[in-house]
Amino acid sequence: MGGCAGSRRRLLDSEGEETAPEPRSPLLDRQGALWRNVMGFWLLGLCNNFSYVVMLSAAHDILSHQRASGNQSHVNPDPPLTPHNSSSRFDCNSISTAAVLLADILPTLVIKLLAPLGLHLLPYSPRVLVSGICAAGSFLLVAFSHSVGTSLCGVVLASISSGLGEVTFLSLTAFYPRAVISWWSSGTGGAGLLGALSYLGLTQAGLSPQHTLLSMLGVPALLLASYFCLLTPPEPQDPGGEEEAETSARQPLIDSEAPESKPDSKSNLSLLERWTVFKGLLPYIVPLVVVYFAEYFINQGLFELLFFRNTSLSHAQQYRWYQMLYQAGVFVSRSSLRCCRIRFTWVLALLQCLNLAFLLVDVWLSFLPSIYLVFLVVLYEGLLGGAAYVNTFHQIALETSDEHREFAMAAACISDTFGISLSGLLALPLHDFLCKLS
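The rules behind these values
Residues numbered from 1 in each chain as written. Predicted model: local features only at pLDDT ≥ 70, side-chain atom pairs only at ≥ 80, totals over all residues. Heavy atoms only, no water. Helix = DSSP H or I, 4+ residues; strand = E, 2+ residues; numbered from the N terminus. Expected span 1.5 Å × (residues − 1). Buried < 20%, exposed > 50% of the residue type's maximum accessible area, 1.4 Å probe, protein only. 1 Å grid on protein atoms, 1.4 Å probe; cavity = no way out; pocket = protein on both sides within 12 Å on 5 of 7 lines; lining within 4 Å. Points joined across faces, edges and corners; volume = space filled by probe spheres on them. Nonpolar A, V, L, I, M, F, W, Y, C, P; charged D, E, K, R; others polar. Salt bridge = Lys/Arg side-chain N within 4 Å of Asp/Glu carboxyl O. Core = buried A, V, L, I, M, F, W, Y, C linked by side-chain atoms within 4.5 Å. Domains from an automatic or database assignment. Axes fitted to C-alpha atoms, helices over the stretch in contact; angles between N-to-C directions. Parallel < 35°, antiparallel > 145°, perpendicular 65-115°, else oblique. Left-handed = near helix turned anticlockwise from the far one by under 90°. Contact = heavy atoms within 4.5 Å. Phe/Tyr/Trp six-rings, centres within 6.5 Å; stacked < 30°, edge-to-face > 60°. Patch = residues over 30% accessible without salt bridge, like charges linked within 9 Å, V, L, I, M, F, W, Y side chains within 5 Å. Areas by Shrake-Rupley, 256 points an atom, 1.4 Å probe, with all protein chains shown as cover. Lys, Arg positive; Asp, Glu negative; His and termini not counted. Polar contact = N/O pair within 3.5 Å; in protein donor to acceptor, adjacent residues only side chain to side chain. pLDDT = per-residue confidence, 0-100.

Undergrad: So what's going on with helix α12 (residues 315-334)? Which residues, and what values?
TA: Over its 20 residues, α12 extends 29 Å from the first C-alpha to the last, a length consistent with the 28 Å expected when each residue adds 1.5 Å. In terms of burial, α12 is largely enclosed, as 17 of its 20 residues are buried.

Undergrad: So what's going on with empty space enclosed by the protein? Which residues, and what values?
TA: For the coordinates displayed, the defined rule picks out two cavities of 30 Å³ or more. There is about 230 Å³ of room inside the largest cavity. Only α2 (26-57), α4 (98-114), α6 (148-172), α7 (179-204), α11 (271-302), α12 and α16 (414-437) provide two or more residues apiece to the lining of the largest cavity. Of the residues contributing to the lining of the largest cavity, the split by class is nine nonpolar, seven polar and six charged.

Undergrad: Go over the pattern of salt bridges, please, and point to the residues and values.
TA: Two side chains that carry opposite charge are able to pair once their charged atoms sit near each other. Tallied over the full model, the rule gives four salt bridges. K112 is the salt-bridge partner of E166, the closest N and O atoms lying 2.5 Å from each other. Pair noted here: E166 is in helix α6 and K112 is in helix α4, with a separation of 54 residues, a long-range link. Note on E166: relative accessible area 6%, which makes it buried. Of the charged contacts, one joins D402 and R405 as a salt bridge, the two residues approaching to 2.6 Å between their closest N and O atoms. Of the two residues, D402 and R405 are both situated in helix α15 (residues 402-412); the distance of three residues between them amounts to about one turn of the helix. Classification of R405 by relative accessible area gives buried; the value is 7%. A single network of salt bridges, built from pairs that share partners, joins K112, E166 and D416.

Undergrad: Explain the environment of N391 to me, and be specific about the residues and the numbers.
TA: By the element assignment, N391 lies in helix α14 (residues 371-399). For the pair formed by N391 and R334, sequence separation is 57 residues and the distance between their alpha carbons is 8.4 Å.

Undergrad: Would you mind going over the nonpolar core in detail, with residue names and values included?
TA: One broad rule of soluble globular proteins: the nonpolar side chains tend to lie buried together. The biggest cluster of nonpolar side chains holds 112 residues, and the ones touching the most others in it are L172, L302, Y322 and F393. Here this core takes 14 residues from α2, the largest share from any one element. Each of domain 1 (29-67 + 94-234) and domain 2 (268-437) gives at least three residues to this core.

Undergrad: With reference to specific residues and values, describe the packing of α11 against α14.
TA: At a minimum axis distance of 10 Å, the contact between α11 and α14 shows a crossing angle of 160°. Taken together, α11 and α14 sit at an angle that is classed as roughly antiparallel. α14 is crossed by α11, and the crossing has left-handed handedness. Here L281, Y284, L288, V291, Y292, E295, I298 and N299 of α11 lie close against α14, whose contacting residues are E381, G385, A388, Y389, T392, F393, Q395, I396 and E399.

Undergrad: Give me the lowdown on the packing of aromatic side chains, citing residues and values where you can.
TA: One pass over the full model with this rule turns up 16 aromatic pairs. Geometrically, the ring pair formed by Y124 and F175 is edge-to-face, given 6.4 Å between the ring centres and 90° between the ring planes. With a gap of 51 residues between them, Y124 in helix α5 (residues 124-143) and F175 in the loop between α6 and α7 connect regions that are remote in the sequence. By relative accessible area, Y124 is classed as buried at 1%.

Undergrad: Give me a nonpolar patch on the surface: which residues, what numbers.
TA: Where nonpolar side chains cluster on the molecular surface, the patch consists of F358, V361, W364, L365, F367, F433 and L437 and spans about 700 Å² of accessible area. Mapped onto the fold, W364 is located in helix α13 (residues 346-365). Overall, W364 belongs to the partly exposed group, its relative accessible area being 47%.

Undergrad: Describe in detail the environment of I298, supporting the description with residues and values.
TA: Checked against the element boundaries, I298 lands in helix α11. In this structure the C-alpha to C-alpha distance between I298 and L356, which are 58 residues apart in sequence, comes to 6.1 Å. Not counting residues within four places of it along the chain, the set of residues in contact with I298 comprises F303, N355, L356, L359 and E381.

Undergrad: Help me get a handle on the side chain of R334, residues and values and all.
TA: Looking at the element boundaries, R334 is found in helix α12. At 5.4 Å, D416 is the nearest oppositely charged side chain to R334, a buried residue that forms no salt bridge. Within polar-contact distance, the side chain of R334 engages the side chain of T188 at 2.4 Å. In this structure R334 touches N49, S182, S185, S186, T188, G189, Y292, G386, Y389 and V390, once residues within four positions along its chain are discounted.

Undergrad: Quick one: what's the story with the confidence of the model for the protein, residue by residue and with numbers?
TA: The predicted model of the protein has a mean per-residue pLDDT of 79, with 77% of residues at 70 or higher. Taking the mean pLDDT of every element in the protein, the minimum, 37, falls on helix α10 (residues 242-249) and the maximum, 95, on helix α9 (residues 218-230). The model gives residues 5-15 a pLDDT under 50, and that stretch makes 12 contacts with residues more than four places away or in other chains.

This is the structure:
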């Protein structure tokens, strides 16, 4: 980490002899390092979640899988307007998009369950390499697949990449200034927006899903470059540098204090200590589980059933627009920590449950006259979800000790994954029930 950026060029005078570099202000060095680190974590958040988001955006296309002739895409970019099931007002696929959600989240759940048991103690660099390789493999496998099953295997690779990366990078924030947490969260929100928007835009422009996925292979490479070349190795806090830290904290980047420990310095917490820390995290974990359960029940259980025939958008295009608007809301709220901080995240959980109830009633009764009203609700849904994520991890970073922070961040990141997994398991039977009933 920092190997590319850490290499120093030798300064030579006119006769070829080495000269000493001009001294630089320690404060300028600290500010430069801080900018590199916050931008590094923003890019890591962006790249880490990118493949996960793209797979969810492509879920309808993956399940509408049709083998095309010649050099055409293996997944149909815009399924015909004729419904898959003409007797259903929902235009149902034979399989719910929740199947893609489960393939995209269950491996992540397994990884996050292992994290508090010791996965977070493994060296960081090999974990980052595995994450990048899996992300690239997911794009290749889905792009060249000939069946839904093969595509789902590619989705599993994306899940492994995202889950391992999130555990790794959230744990890594314990060794950097607290400001990197908000930048990481903003980057993950950016992944949602850019991932969904790029898939929507490129397919709308006429590029096949296969070529769209192949065009995204640069993202895993950017993830590796951000980690190995952009991040600086965290340095122990200088006990005599309090005045510089205070001055630095007044700059646009806040919370510039650095922890005393370094990555890969193992903290040997006993099982009892881990359990005590985990119990202390429950007031943060439970609301986040509820928020993500509600929003992903909407996203992968209801989006494809919120089908409007009185619009020029095809069913596949409607689904992509839902995903893009949701991710736009997530990006805005995950980037809002410096403007708005919410301590009581249970309020966000309650509001998200009301969203779920409202859209579920609309699926049943079809009382909303226009798709644009659903667009507004979906945007609002994304704002709630992103706000819950960034404020939860910010509060954990503030209220845990340096000794426990790495473990706490790794343990708390299971909450969103657990909620998403529950939503996928319940969305599958709901899809089958409504499609058979209609």
